[in-house]
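# Summary of structural features
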Amino acid sequence: MTSPGISRRAAIGAGLAAGATGLLVGRELLPADQRRPANHSLRGAHQPGITTEVQNHLHFASFDVTTRSRHDLERMLMAWTVAAERMMSGQPAGPLGPLGGRPELAPDDTGEAMDLDSANLSITIGFGPGLFRDRAGRDRFGLARHQPTALRPLPRFPLDTLTPGASGGDLCIQACADDPQIAVHAVRNLTRIGFGTVGMRWSQHGFGRSSATTPGQTTPRNLMGFKDGTANIRSDETEALDKHVWVAADDDPAGSWLAGGSYLVTRRAMITVELWDRQKLRDQEEFIGRTKGEGAPLTGRHEFDEPDFRAMAGTQPVIPVDAHVRVVHPTNHGGARMLRRGYNIADGTNEIGRMDAGLFFIGFVRDPGKQFVPVQLAMVRNDALMEYLRFTQSSVFAVPPGIEDGQSLGQALFARRGRRGVAHA
Amino acid sequence: MRNPVTLALAAIGLSLSLSACGTPTESAPEATGSAPKPLTATEKTQVAKATAEYTKYVQDELAGLVDGTTEFVTALKAGDDDRARTIYPNARTRWERVETIAAEFGDLDPAIDAREAGLGEGEEWTGWHRLEKDLWPARAKNYTPMTDAEQAEIADKLLADTKTIQRQGEDLKITVTDIVEGSQGLLEEIAGGKVTGEEEYWSRTDLWDFQANLDGAWKGFDLLKPVIEGRDAALAAKIDYQFGVVQGLLDATKRGDEFVTYDKLTRQQIKALSDAVNALGESLAEVSEVL
């Protein structure tokens, strides 16, 4: 069997890489009368799925870019933009839909979302450090000089027991919806569109939100049984969002394309629930630093009371020195806050018959090195909860801002022409 | 299927295609959801040539299969297991190149190529993989080797069934759809059983089968390429490229001239092969849109 020689392949690759960018995508996608109101859209100052109200279900996926062609990559992001907009408005991934094509062909939508509405679906797309440079530090797509300084793989934290191959990634999709089938449908169809350009590296389902992002939303509970994310930044805290979540235009000369975007950090924390469940209620509350029922700090009565870290009961602080709320509290980290958007997870059973359950932490920050890494380091070193947690996954992505009509996601980055052509990887 | 990227781009009124010199050009999208145009006179000639050549290809492979199987069975019955183990993956190559077409002939595919994991309760197990397990029993638990008589019986039946298939192939009438669907089917074989290491569970020689499936699919595509190029040059170029990618990854697994056994592959190699096969499979599915 003959196989194409290097020269032929290279020629095709070069041709693809020299392709056009910035093709129009937008509202002309569907005739006006066929459009249902979109709950979420990639258009606007920010992508959805950050400050928007947290839905109940998550399907998060991370991808490796498998092509060397910048053109293919841009073309796929364009197609992702179109399909994501369609699905967020309750439409099938492709224009023909699950049944509209010829029966001799595979449908352009997988079909499990038929008869369902968009279930508040939000799709958020992020770029990992590997999109800019390969492991040897070489420029992959002529984007290296636009890699923000803050976008670098998270350090290895003490006690991390990362699952091989299940951290990081070049691109990510966060799909959140109030119906898990809708979230899975979104990731599945975008993955299929990406075949040949990206391959999935790892993915994660989440079934119960473990944070609240809007003022009206009640604080949910994590699998330790405690309210989680009481001190989260809410969508109406405009000033705090600008200070702690949104990247500003002058944050980083290399990353000005990220203005209005954010950094997304994920950490998969497995809870050894069998051990945790045998802890006395009083001990559990002291590990957290809050009451289990109300969620009030041990020094207060109501959930939103500020904890008083100086209050003493005899010779001991009321909130112990290793209580979670103390260790990670902004007052102990120069005021650093995050927008948390994590989910509870239960992925079956591990090899010795224990529940593989825990929390898939998702945090949005303006600078992971300043707002996340120090807090996580303090946690793994000093937090009483670490006795019951194992971190098995660790990733960071830059989430570009929202787009304008006629743009495709990441266009602000790709429009900055670096050195063109096939990467040298 | 229609590739969702093509569709998405068609939906916004633009598509990209590559002209002969590799320069991207914008072209008007074809109407979505419509049946392919009937063949022109020139295309009919091209298709006739392709089907004739593919028919001959299948027949040549089946003839080669009979030779290889004869050699294999002879070695086995002579008690030369080492030689039988050497012949095994190479003889099967001739089968795997054309298996999706050959499986259409009749009911002999299960008798020749059934895997143990695919058997129902009480079903008789014959064919290549029955002998494979006997030659490579290392992964089998509490395995009782076949007696010489049992082995000879299975081997003789394999050869007889193979000769029957070859005879049936003599008056083969292949259509363009057979080639297209045959190639798509071979990609599914790779994605479903070879890249996962399930096909050759005992011998771990899955990569020989992988290559053979790829050969057969590539042959079909190469023969139809003039027609596909005329109808969608970008698609033809993409498929050409993606065959090259899969072949490149496959070549990279070789030590010297030989493939390694499946257990020597790294997780990354398997994933890269799987991703590349998914990409090529989606593109080959697109051929049904134009032909």
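Summarised in this report is the structure supplied together with it. Because the structure is a prediction, the values reported are computed rather than measured. (Residues numbered from 1 in each chain as written. Chains lettered and ligands numbered in written order. Predicted model: local features only at pLDDT ≥ 70, side-chain atom pairs only at ≥ 80, totals over all residues.)

### Here's the deal with the overall build of chain B
Per the secondary structure count, chain B includes eleven helices and four strands. Burial statistics for chain B: of 291 residues in total, 47% are counted as buried. (Helix = DSSP H or I, 4+ residues; strand = E, 2+ residues; numbered from the N terminus. Buried ≥ 20, exposed ≤ 12 C-beta atoms within 10 Å, placed from the backbone.)

### Observations regarding the environment of B:Val290
Residues and elements named next belong to chain B. Within the secondary structure layout, Val290 lies in helix α11 (residues 267–290). Separated by 61 residues in the primary sequence, Val290 and Glu229 place their C-alpha atoms 9.9 Å from one another. Apart from the residues lying within four places of it in its own chain, the contact partners of Val290 are Pro36, Ile228, Arg231, Asp232 and Leu235. (Contact = placed C-beta atoms within 7 Å.)

### So, the nonpolar core
By size, the foremost hydrophobic cluster in this structure holds 99 residues, and its most contacted members are A:Trp80, A:Leu121 and A:Ala183. Among the elements that line this core, the one with the most residues is helix α2 (residues 70–88) of chain A, at eleven residues. Look past the residues within four positions of A:Ala183 in its chain and what remains in contact with it is A:His57, A:Leu58, A:His59, A:Leu121, A:Ala175, A:Cys176 and A:Ala177. B:Phe72, B:Trp95, B:Ala102 and B:Ala155 belong to the second-largest nonpolar core, a separate cluster that totals 63 residues. (Core = buried A, V, L, I, M, F, W, Y, C linked by C-beta atoms within 7 Å.)

### Thoughts on helix α9 (residues 206–231) of chain B
Residue and element names in this part refer to chain B. With 26 residues, α9 extends 35 Å between its outermost C-alpha atoms, agreeing within 8% with the 38 Å of an ideal straight helix rising 1.5 Å per residue. Along α9, the helix axis deviates most sharply at Lys225, where the bend reaches about 60°; the proline Pro226 sits within four residues downstream. The element α9 is largely enclosed, with a buried count of 20 among its 26 residues. (Expected span 1.5 Å × (residues − 1). Bend = angle between axes of the 7 residues up to and from the residue.)

### Considerations on unusual backbone geometry
Even without being a glycine, A:Asp115 presents a positive backbone phi close to 70°. The phi dihedral of B:Arg204 is positive, around 60°, even though this residue is not glycine. The residue B:Arg204 is located in the loop between α8 (176–194) and α9 in this model.

### Overview of the packing of α2(A) against helix α3 (residues 180–194) of chain A
All names here are of chain A. Interaxial distance between α2 and α3 falls to 10 Å at its minimum, and their mutual angle equals 155°. What the angle tells us is that α2 and α3 run roughly antiparallel. As for how α2 packs across α3, the hand of that crossing is right-handed. Across the interface between the two elements, Met76, Ala79, Trp80, Ala83, Ala84 and Met87 from α2 touch Ala186, Asn189, Leu190, Ile193 and Gly194 from α3. Here the contact of α2 with α3 is composed, by residue class, of nine nonpolar, two polar and no charged. (Axes fitted to C-alpha atoms, helices over the stretch in contact; angles between N-to-C directions. Parallel < 35°, antiparallel > 145°, perpendicular 65-115°, else oblique. Left-handed = near helix turned anticlockwise from the far one by under 90°. Nonpolar A, V, L, I, M, F, W, Y, C, P; charged D, E, K, R; others polar.)

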